[in-house]
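Breakdown of the fold
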Amino acid sequence: MKRTNRMLAALLALTPAAAVAQGVIVAPHAVFIDHATRSGSITLYNPGENPVEVTVSFGFGYPTTDSAGSMSVEVADSAPANEPAATAWLQAFPRRVTIGQQERQTIRLLASPPAGLPDGEYWARLIVSAKGGQVPVAGTPDSGAITVGLTLEVRTVIAVVYRKGSLSTGLTLAAPSATYANDTVAVRIPMTRTGTAAYVGTARVRVLDAKGALKGEDERALGVYYTLDPRVDIPVGPLAPGTYKVVVTLSTDRGDLPPKAVLPAPPARDSVEFTVR
Amino acid sequence: MNTASKLSLAVLALTLVGASAAQAQSANITATATVLTPLTLTGTANLAFGNVFPGIAKTVAVTDATSGRFTIAGNPGSQVSMTFTLPANLTGPGSLAIGTWTGDHNNTNTTGGTLFTPSGAATLATLDAGTGNRFLFIGATVTPTVAQAAGAYSGTITLNVVYTGL
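Here we summarise the structure given alongside this text. (Residues numbered from 1 in each chain as written. Chains lettered and ligands numbered in written order. Predicted model: local features only at pLDDT ≥ 70, side-chain atom pairs only at ≥ 80, totals over all residues. Heavy atoms only, no water.)

On to the side chain of A:R125, then. Residues and elements named next belong to chain A. Along the polypeptide, R125 turns up in strand β10 (residues 120-132). One buried charge, R125, has no salt-bridge partner; the nearest side chain with opposite charge is E121, at 9.6 Å. A polar contact of 3.0 Å, which involves the side chain of R125, links it to the backbone oxygen of G61. (Helix = DSSP H or I, 4+ residues; strand = E, 2+ residues; numbered from the N terminus. Buried < 20%, exposed > 50% of the residue type's maximum accessible area, 1.4 Å probe, protein only. Lys, Arg positive; Asp, Glu negative; His and termini not counted. Salt bridge = Lys/Arg side-chain N within 4 Å of Asp/Glu carboxyl O. Polar contact = N/O pair within 3.5 Å; in protein donor to acceptor, adjacent residues only side chain to side chain.)

Listed per partner, the contact involves 54 residues of chain B and 54 residues of chain A. Roughly 4,400 Å² of surface becomes buried between chain B and chain A when both sides are summed, with 59% attributable to carbon and sulfur atoms. Here chain B is connected to chain A by 0 salt bridges. The tally of links between chain B and chain A comes to 22 residue pairs in polar contact (both at pLDDT 80 or more). Residue assignment for the side of chain B that touches chain A shows that the elements contributing at least two residues are β1 (39-45), β2 (47-52), β4 (68-73), β5 (79-85), β7 (95-106) and β11 (151-163) of chain B. Per-element tally for the side of chain B that touches chain A: the top contributor is β11(B), with 13 residues. In terms of residue class, the side of chain B that touches chain A is built from 32 nonpolar, 21 polar and 1 charged. Judged from the 5 bridges that link them, strand β1 (residues 22-27) of chain A and β1(B) form a sheet pairing that is antiparallel. Residue pairing across strands places A:Q22 opposite B:G43, the latter belonging to β1(B). (Contact = heavy atoms within 4.5 Å. Buried area = accessible area lost by both parts, 1.4 Å probe. Nonpolar A, V, L, I, M, F, W, Y, C, P; charged D, E, K, R; others polar. Pairing = 2+ DSSP bridges.)

The subject of this paragraph is the side chain of B:S67. Residue and element names in this part refer to chain B. In this structure, S67 sits in the loop between β3 (58-60) and β4. Classification of S67 as buried rests on a relative accessible area of 0%. Among the polar contacts listed, one links the side chain of S67 to the backbone oxygen of V62, at a separation of 3.2 Å.

Of all 19 residues in strand β11 (residues 146-164) of chain A, 18 are buried; the element is thus mostly enclosed. Relative to β11(A), strand β2 (residues 30-34) of chain A is paired through 5 bridges, and the arrangement is parallel. The residue of β11(A) that forms the bridge with A:A30 is A:A159. Taken together, the 5 bridges between β11(A) and β2(B) define a ladder with antiparallel strand orientation. Bridge pairing in β2(B) places A:G149 opposite B:A48. Relative to β11(B), β11(A) runs parallel, the two sharing 7 bridges. Looking at β11(B), one finds that A:I146 is bridged to B:G151.

Moving on, we get to the pairing of strand β12 (residues 169-173) of chain A. Residue and element names in this part refer to chain A. Most of β12 sits inside the fold, with 4 of its 5 residues counted as buried. Alignment of β12 against strand β15 (residues 191-195), held across 5 bridges, turns out to be antiparallel. Counted as the bridge partner of L173 is M191 from β15.

Glancing now at the sheet that holds strand β19 (residues 231-235) of chain A. All names here are of chain A. Read from one edge of the open sheet, 3 strands run β13-β14-β19, paired in antiparallel fashion. Pairing within the sheet leaves two strands with one partner each, and these edge strands are β13 (177-181) and β19. Going across the sheet, the axis of each strand differs from the next one's by a mean of 20°, ignoring polarity. Pairing of strand β14 (residues 184-188) with β19, which is carried by 5 bridges, proceeds in the antiparallel orientation. Across the sheet, A186 pairs through a bridge with D233, a residue of β19. (Axes fitted to C-alpha atoms, helices over the stretch in contact; angles between N-to-C directions.)

Attention now moves to unusual backbone geometry. Residue and element names in this part refer to chain A. The peptide bond linking A27 to P28 adopts the cis configuration, its omega dihedral lying at -5°. Within the secondary structure, P28 sits in the loop between β1 and β2. At the junction of F93 and P94, the peptide bond is cis and its omega measures out at -10° in the coordinates. Of note, the phi angle at R38 is positive, near 60°, even though the residue is not glycine. As for its position among the elements, R38 is in the loop between β2 and β3 (39-45). Residue R38 is classed as partly exposed on the basis of its relative accessible area, which comes to 36%.

Here it is, written out as structure tokens:
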């Protein structure tokens, strides 16, 4: 074994595997940029006891659902040509930084949209990658040993929304469906966005019995960029035979976002019944 | 009432108390603020296999003390999508195969939650409705060859997290 490898193995052996806590706090968790200011910022904070290397980049993606109603947000390096993407003309400063222990760093976002950009909403994803700088592999400094370990990297992906002009949003709620199996009510909520901007809101789903008593409920944040058909599973326990009603209410209430960031839209409501035999 | 609203009210209440105390001396203004929950991802423990031997596969289970561990902290009750970028081989004096990835995510900092297979495909999880936390445990198997060169091998596990609600 080479001398350098022996030294490395000895160094690694002195590094406790669990002595890591690399990560970063990202705030806020969404950035809304207005065409008038063309800038925004996020704050990063390293709560750990070791420096964290942070890299900031942009990608493109938005929430979608598959045929089973499962949500995902696939983030690509660049956007398809037909998408209203801001990815290519957003910049972050600095893009790479080391944040010391319990220190904070502001990342400024500047937009340079092309001349003549039409009114509308333009989307991107900000990717904040953080990893610690220490060597993690632990093992015995034996000259013939094979020591193995893996470091961790975390990537926080947040939405960046660029708005120009007067925008509107809304939802068309198609007929929801509900099925009951294994003590759970599975509800599908097909939605299509209307207007000129993504619908950002909340879906509330309640399961009621024939007397109107609440049997189960769910509340979740929604971002509908085009269409979405999520499946919401609501544990209700064993249900007695009878008819039940599922009530779906969609609104632009979002306590996790600044009120000015959420475009208003009329609430939408629909219901569907199912029978347990 | 959600956490942000509660915090806003708390800030407002404190402001009003302070304003009442100062009322005899000066004019007052009322300030309000909405405190928004940030998103925090932390790698809390590296995945450590320690020493392995040529020709003998070694597995670290999610329940082992040396499993890889992440913590997600964010808006309580929110759903997140998690994807992983995982190495097929570790680098060192040579190449060392790694695979058979296993995962467990839970609202408490213990295993016994939801088992999953870490991969590039999305795994959904809901942050704890009270604390906003979700804990992840990662295991895998390394398969050294009989002629595996001695030395230190390493790689990186990357966790990508995004809210599904925006």
